[in-house]
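Chain by chain, the residues:
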Amino acid sequence: MPFPWRGPVDVSFFLQPTNVLAKALLGTVLVHDTPEGLTAGRIVEVEMYQGPWDKAAHSYGGRMTERTRIMYEDAGHAYVYFIYGMHYCLNVVSGPHGAPEAILIRALEPLEGLELMAQRRRLAWPRKGLCELTNGPGKLAQAMGITKRQYGWHLAHSALRLYHDQDPLPDNQLATGPRINVNYAEEAALYPWRFWVAGHACLSVKNRA
DNA sequence: AGAGAGATTTCCT
DNA sequence: GGAAATCTCTCTT
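Thresholds applied
Residues numbered from 1 in each chain as written. Chains lettered and ligands numbered in written order. Predicted model: local features only at pLDDT ≥ 70, side-chain atom pairs only at ≥ 80, totals over all residues. Heavy atoms only, no water. 1 Å grid on protein atoms, 1.4 Å probe; cavity = no way out; pocket = protein on both sides within 12 Å on 5 of 7 lines; lining within 4 Å. Points joined across faces, edges and corners; volume = space filled by probe spheres on them. Helix = DSSP H or I, 4+ residues; strand = E, 2+ residues; numbered from the N terminus. Nonpolar A, V, L, I, M, F, W, Y, C, P; charged D, E, K, R; others polar. Buried < 20%, exposed > 50% of the residue type's maximum accessible area, 1.4 Å probe, protein only. Pairing = 2+ DSSP bridges. Near = heavy atom within 4 Å. Polar contact = N/O pair within 3.5 Å; in protein donor to acceptor, adjacent residues only side chain to side chain. Contact = heavy atoms within 4.5 Å. Disulfide = S-S within 2.5 Å. Core = buried A, V, L, I, M, F, W, Y, C linked by side-chain atoms within 4.5 Å.

### Comments concerning the layout of surface pockets
Put simply, the largest pocket is a space of about 680 Å³. Lining of the largest pocket is provided by 30 residues; of these, Tyr-84, Cys-89, Arg-106, Pro-137 and Asn-181 occupy positions nearest its centre. Those elements that place two or more of their residues in the lining of the largest pocket are β3 (37-50), β4 (78-83), β5 (87-94), β6 (101-112), α3 (137-144) and α4 (205-208). For the lining of the largest pocket, the class distribution of residues is 16 nonpolar, nine polar and five charged. Size it by volume and the second largest pocket reaches roughly 230 Å³. Looking at the lining of the second largest pocket residue by residue, the classes come out as six nonpolar, four polar and five charged.

### Overview of the pairing of β6
Strand residues, when the strand is regular, have side chains that alternate between the two faces of the sheet. β6 sits mainly inside the fold: ten of its twelve residues count as buried. Where β3 lies against β6, ten bridges are found, and the strand directions are antiparallel. Across the sheet, Val-46 pairs through a bridge with Ile-105, a residue of β6. Looking at chain direction, β5 and β6 are connected through four bridges and run antiparallel.

### Looking at the protein's contact with DNA strand C
Around DNA strand C, a shell composed of 19 residues is seen, among which Tyr-81, Asn-91, Gly-138, Asn-181 and Tyr-184 lie nearest. The protein-proximal atoms of DNA strand C, defined as those within 4 Å of the protein, are 59% sugar or phosphate. Asn-91 places a side-chain nitrogen or oxygen 2.5 Å from a base nitrogen of DNA strand C. Listed by contribution, the elements that provide at least two residues to the surface near DNA strand C are β5, β6 and α3. Considering only residue class, the surface near DNA strand C consists of ten nonpolar, six polar and three charged.

### Overview of α3
Counting buried positions along α3 gives six out of eight residues, so the element sits mostly inside the fold. Burial in α3 covers these residues: Pro-137, Gly-138, Leu-140, Ala-141, Ala-143 and Met-144. Buried residues along α3 sit in contact with β2 (29-34), β3, β5, β6 and α2 (114-120). After α3 finishes, the residue Gly-145 shows a positive phi value of roughly 75 degrees.

### Some words on the environment of Gly-152
Within the secondary structure layout, Gly-152 lies in the loop between α3 and β7 (160-164). For Gly-152, a relative accessible area of 25% puts it in the partly exposed group. Here the alpha-carbon distance between Gly-152 and Tyr-79, two residues 73 residues apart in the chain, equals 6.1 Å. Residues within four places of Gly-152 in sequence aside, it is in contact with Ile-70, His-77 and Ala-78.

### Brief notes about the state of the cysteines
A full pass over the atoms with the stated rule returns one disulfide. One disulfide bridge connects Cys-131 with Cys-202, the sulfur atoms lying 1.9 Å from each other. Because the sign of the S-S torsion sets the handedness, a value of about -50 degrees for the bond joining Cys-131 and Cys-202 places this disulfide among the left-handed ones. You can see Cys-131 sitting in the loop between α2 and α3 and its partner Cys-202 sitting in the loop between β9 (194-197) and α4, a full 71 residues away along the chain. The class of Cys-131 is buried, set by a relative accessible area of 16%.

### A word on the nonpolar core
Phe-14, Leu-25, Leu-30, Val-46 and Ile-105 are the most contacted members of the largest nonpolar core, which has 42 residues in total. Leu-30 has contacts with Thr-39, Ala-40, Gly-41, Leu-90, Leu-108, Met-144, Ile-146, Leu-155, Leu-160, Arg-161 and Leu-162, leaving out every residue within four places of it along the chain.

### So, unusual backbone geometry
Here the bond from Gly-51 into Pro-52 is cis, since omega is 0 degrees, no more than 30 degrees from zero. Here Pro-52 is to be found in the loop between β3 and β4. In this model, Arg-122 sits at a positive phi of 60 degrees, which is unusual for a non-glycine residue. As for its placement among the helices and strands, Arg-122 is situated in the loop between α2 and α3. Even without glycine at this site, Glu-186 takes up a positive phi of about 50 degrees. Mapped onto the elements, Glu-186 comes out in the loop between β8 (174-177) and β9. A residue is classified by how much of its surface remains accessible, and Glu-186, at 53% relative accessible area, is exposed.

Structure follows, in structure tokens:
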């Protein structure tokens, strides 16, 4: 019975530079406690976005809209956005207050509540493997029951929260590369701001291509 | 395995 | 009007 793993993260966990926090998130466990049940998954792939100078960031140029407002708040809040008219994506707000930085959660390894995840994903049962429940940003939001409702929640003390589980990832298991689907962002499209657990089975499909 | 279309909100020009 | 921090399905090699 793994839950509650090693222990919940403290607010101070989020007060690290974004590039440090992005790597520290790998291996931590995201938990969502809902009336329908508890789901949990280990973070295995992330991307960081550092507005206002990052052309791929929603906050590029200091843009602040109703959608991006939370990016300017304290680190640790959830930034959830709706994309392509279909999907939600979860980010961890990062950086100092007023600095619009965030870390996109791109893939999880499913750990708890697998049947509920499959139900939310409308999969009778994963045919190709459990990873297909959560191996992409839109998929994991759906499997974890994350929608705009969770926008602005704090990941240290809400029903959507993070747990430490293992020691920090050793350097030889950390892989780095350009971010996915940001080709429009000119030089920023090449920044190596995607981080993942090397060789993990549950990486997003595009990461493995 | 790889390409293409469709789902259709939020934001920018 | 058009593209986007995506995914699933279908058609073609």
